[in-house]
Amino acid sequence: MRLCCSLLLVCAAAFAQAQPALVDEIWTAHYVVTMDAQHRVIENGAVAIRGDRIVDVGPRAAIDKSYQARQRLDRPDALLTPGLINTHTHVAMSLFRGIADDLRLQEWLEKYIFPAEAKNVDAEFVRWGTRLACLEMALSGTTTFTDMYYFEDTIASATKEAGLRGILGETIIGFPAPDFKTPQAALAGTEKFLQSYAHDPLIVPAVAPHAIYTNSDETLKASRKLADRYSKPLIIHLAETKTENDESLARRKMTPTAALDALGVLTGWTVAAHGVWLNDADLKILKMRGTGLSHNPSSNMKLASGVAPVVKILGLGIPMGLGTDGVAGSNNDQDIMVEMDLAAKLQKVTTGDPRALPAEQAFAMATILGARALRLDSMIGSIEKGKRADLITVRLDAPHAVPMYNVYSQLAYSLHGSDVSDVMVNGRAIVRDRKMLTLDAGAIMAKAAEYQERIRRSLR
Ligand SMILES: [Zn+2]
């Protein structure tokens, strides 16, 4: 009897081993670009997904043997890569796309953006602006973005509706904003927001003081305290322009980075956008504090802000991702593929060295380095077992995509956001065959046209 039982057990174990495990989806592609520690590129690769997680990644034959999927997506003529990460933007401003270009920052702000915002920005504007940006970002392969604007709770709900991942913070600024009229009110609103989204699977709520030059020292210190109390990130603009740097030196005898550090603002989880005007002492501080940075080449070029010392920053091991910045004047699109291409070329032309920021490193900035800058690299940024299933496929059947000798060269220099075919965020497919599954693209396009008329009239 006992012998019979153990025989049965052995048989059952053998049977269980032979049976492929059930997963929700299997995605396969010509190449899987993992961005794991070895930067493995798997030819004829596959990824198995269950729930919100990546269960396994490997050669297609091995994955197909080990797993049985409820659904599968086979892309024999595409790359499968981690979802792209936009580490700095202002999504709702997409309704101001191209409203005024080729101006000095002050003129652009005072003549166009501030009046346009005062007359048009409300929760509905922010909802439709966010939907438009989410549509654009998802269709060009972005799965995670970091945002700072007004009515951020509306941005959070529109982001969840789209199915994207967001690190979102209400702008705290030293003048009356469209929603909160004082920094104190914005801090109180932020605290509520931190509580509402404390455990959300897609949203990481953040504390977002706009910059050192638009906030009092008290507000900056209170922002740090609030972020620490809830163990959430503080996001801020830092060392973007020469003016910001010069004014800080004149007023405080310190660079913006040194001044923020002296106030204690950089002690903790921080993501700083731009980092153009950084000297060696600033870099030392950022390295010591573990600050994550966001490089925004389109914005820095278009506003003539300068060139961030990206090669130096990455060489020191400071994590730096890519950002688009807002599309109203600093950049007119949300396409991270463009930022990859520009980041690489901008370092080459300014260092006089074509070896500076190679394609593979530019793609790392758009994925795993971006995740590291956000301190979310245990969750996203690469295709590895146990990470969240944030995946994209990029088609290789266009004339500009062939021939392909190196996947990173193709990704950084040849392919476009419009080559993205499918997108999954947190295990949920949100784009299939270049069609957004979660948002009504027709309604969003119609609203954008409606807002164009309304905004144009408001500026007359
Ligand atoms: Zn910005």
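Our subject is the structure listed above.
Summary of the structure given here. (Residues numbered from 1 in each chain as written. Predicted model: local features only at pLDDT ≥ 70, side-chain atom pairs only at ≥ 80, totals over all residues. Heavy atoms only, no water.)

### Some thoughts on the overall build of the chain
Condition: Secondary structure elements follow DSSP: runs of H or I of four or more residues count as helices, runs of E of two or more count as strands, with numbering from the N terminus. Using C-alpha atoms as the atom set, the radius of gyration is obtained and then compared with a globule rule of 2.2 Å times the number of residues to the power 0.38. To sort residues, take the accessible area from a 1.4 Å probe on protein chains only and compare it with the maximum for the residue type: under 20% means buried, over 50% means exposed, and anything in between is partly exposed.
Scanning the chain from terminus to terminus reveals 17 helices and 16 strands. Against the compact-globule benchmark of 23 Å for 460 residues, the chain has a radius of gyration of 23 Å, which places it among compact chains. In terms of principal-axis extent, the alpha carbons of the chain reach across some 85 × 50 × 50 Å. Burial status across the chain gives 57% buried among its 460 residues.

### A closer look at the coordination of the zinc ion
Threshold: Atoms are scored as donors when they are N, O or S and lie within 2.8 Å of the metal, with 3.2 Å used for Na, K and Ca; no water is included, so coordination may look incomplete. Square planar and octahedral assignments, for four and six donors respectively, both demand that opposite donors be over 155 degrees apart and that all other angles lie between 65 and 115; tetrahedral needs four donors with all angles between 85 and 135 degrees, and anything else is irregular.
Around the zinc ion, the protein contributes the donor atoms H88 (NE2), H90 (NE2), H237 (NE2) and D325 (OD), which lie 2.1 to 2.3 Å from the metal centre. If you look at the zinc ion, its 4 donor atoms make angles of 85 to 171° with each other, and the shape they trace is irregular. Going along the chain, you hit the donors of the zinc ion in the pattern H-x1-H-x146-H-x87-D. Its relative accessible area of 5% is what places H88 among the buried residues.

### Re unusual backbone geometry
Note on backbone geometry: most residues besides glycine have negative phi, and most peptide bonds are trans. Residue P403 is reached from V402 by a cis peptide bond, and omega for that bond is -15°. Turning to its location among the elements, P403 is positioned in the loop between β13 (391–395) and α16 (407–414). Positive phi values are uncommon outside glycine, yet M35 reaches one of about 60°. Residue classification places M35 among the buried positions, given a relative accessible area of 1%. Here K253, not a glycine, exhibits a phi torsion of approximately 60°, which is positive.

### Thoughts on the packing of aromatic side chains
As a reminder of what qualifies: Side-chain rings of Phe, Tyr and Trp, where Trp is taken by its six-membered ring, are said to pair if the distance between their centres is within 6.5 Å; with planes under 30 degrees apart they count as stacked, over 60 as edge-to-face, and otherwise as tilted. A positively charged side chain is recorded as over a ring if its NZ (Lys) or CZ (Arg) lies within 6 Å of the ring centre. The angle to the ring normal must also be within 35 degrees.
Across all of its chains, the model carries 6 aromatic pairs by this definition. Summarising the aromatic geometry, the rings of F114 and F175 are spaced 5.5 Å apart at their centres and angled 70° between planes, so their arrangement reads as edge-to-face. You can see F114 sitting in helix α3 (residues 105–120) and its partner F175 sitting in the loop between β7 (165–172) and α6 (183–196), a full 61 residues away along the chain. For F114, a relative accessible area of 33% corresponds to the partly exposed category. On the accessibility criterion, F175 (31% relative accessible area) is partly exposed. Seen in terms of ring centroids, F125 and Y451 are 5.7 Å apart; in terms of plane orientation they differ by 85°. Their pairing is edge-to-face. Residue F125 is located in helix α4 (residues 123–139), and its partner Y451 is located in helix α17 (residues 441–458); the two are separated by 326 residues in the primary sequence. One residue, R131, lies across the ring of W128, its end atom 4.4 Å from the ring centre. Here R454 stacks its cationic end above the ring of Y451, 4.5 Å away from the centre of that ring.

### With respect to α17
Our working definition: Multiplying 1.5 Å by the helix residue count minus one yields the expected span of that helix. The arc under discussion is defined with respect to the helix axis, by the directions toward the C-beta atoms. Two residues qualify as a contact provided that any one of their heavy atoms is within 4.5 Å of a heavy atom in the partner residue. As used in this structure description, the phrase polar contact means that two N or O atoms lie within 3.5 Å; if the pair is within protein, one of them must be able to donate a hydrogen and the other to accept it, and residues adjacent in sequence are counted only when both atoms belong to side chains.
Taking 1.5 Å per residue, 18 residues should reach 26 Å; α17 reaches 25 Å between its end C-alpha atoms and fits that length. If you check which residues of α17 are buried, you get I444, A448, Y451, I455 and S458. All buried residues of α17 project into a common sector of 90° when viewed along the axis, lining one side. Turned more than 90 degrees off the buried face of α17, the exposed positions are M445 and R457. The elements touched by buried residues of α17 are α3 and α4. For α17, the side-chain oxygen to backbone nitrogen distance between the N-cap and G442 is 3.2 Å, and the N-cap itself is D440.

### Description of the sheet that holds strand β16 (residues 435–436)
Applicable threshold: Here, a strand pair is defined by DSSP locating no fewer than two bridges between the strands.
Taken together, 8 strands build an open sheet; the order of strands is β3-β2-β1-β4-β13-β14-β15-β16 and the sheet is mixed. Because the sheet does not close on itself, it has two edges, and the strands there are β3 (53–59) and β16.

### So, the side chain of E244
Operational definition: When charges are counted, Lys and Arg contribute as positive and Asp and Glu as negative, whereas His and the chain ends are disregarded. Counted as salt bridges are all cases of a side-chain nitrogen of Lys or Arg within 4 Å of a carboxyl oxygen of Asp or Glu.
The residue E244 is located in helix α8 (residues 242–252) in this model. Buried within the structure, E244 lacks any salt-bridge partner; R252 is the closest side chain of opposite charge, at an N-O distance of 9.2 Å. Setting aside anything within four residues of it in sequence, one finds E244 in contact with I212, Y213, L238, A239 and P256.

### Points about the packing of α4 against helix α5 (residues 152–162)
The condition that has to hold: Throughout, an axis means a line fitted to C-alpha atoms (over the contacting stretch in the case of helices), and angles, computed between N-to-C directions, take values from 0 to 180 degrees. For a crossing to be left-handed, the near helix must be turned anticlockwise from the far one by less than a right angle; the clockwise case is right-handed. In the scheme used here, Gly and all other residues not listed as nonpolar or charged are polar, with Ala, Val, Leu, Ile, Met, Phe, Trp, Tyr, Cys and Pro taken as nonpolar and Asp, Glu, Lys and Arg as charged.
At a minimum axis separation of 9 Å, α4 and α5 run at an interaxial angle of 35°. Seen from above, α4 lies across α5 with right-handed handedness. Taking contact as the criterion, the partners of A123, V126, R127, T130, R131 and C134 in α4 are, on α5, T154, I155, S157, A158, T159, E161 and A162. Considered class by class, the residues forming the contact of α4 with α5 number 6 nonpolar, 4 polar and 3 charged.

### Structural notes on the side chain of E152
Tracing the sequence through the fold places E152 in helix α5. The side chain of E152 is buried and forms no salt bridge, while R127, the nearest opposite charge, is found at 12 Å. E152 has contacts with D147, L168, G169, E170 and F193, leaving out every residue within four places of it along the chain.

### Considerations on the pairing of strand β8 (residues 203–209)
What counts here: Here, the term right-handed applies to a crossover whose path from the first strand over the helix to the second runs clockwise when the strands point away from the viewer.
The buried fraction of β8 amounts to 7 of the 7 residues, a majority that puts the element mostly inside the structure. Here β8 shows a buried face lined by I203, P205, V207 and P209 and a second buried face lined by V204, A206 and A208. When β7 meets β8, the two strands line up parallel, connected through 7 bridges. Each residue of the ladder has a partner; that of L168, found in β8, is P205. At this point the chain moves from β7, through α6, to the parallel β8, and the crossover so formed is right-handed.

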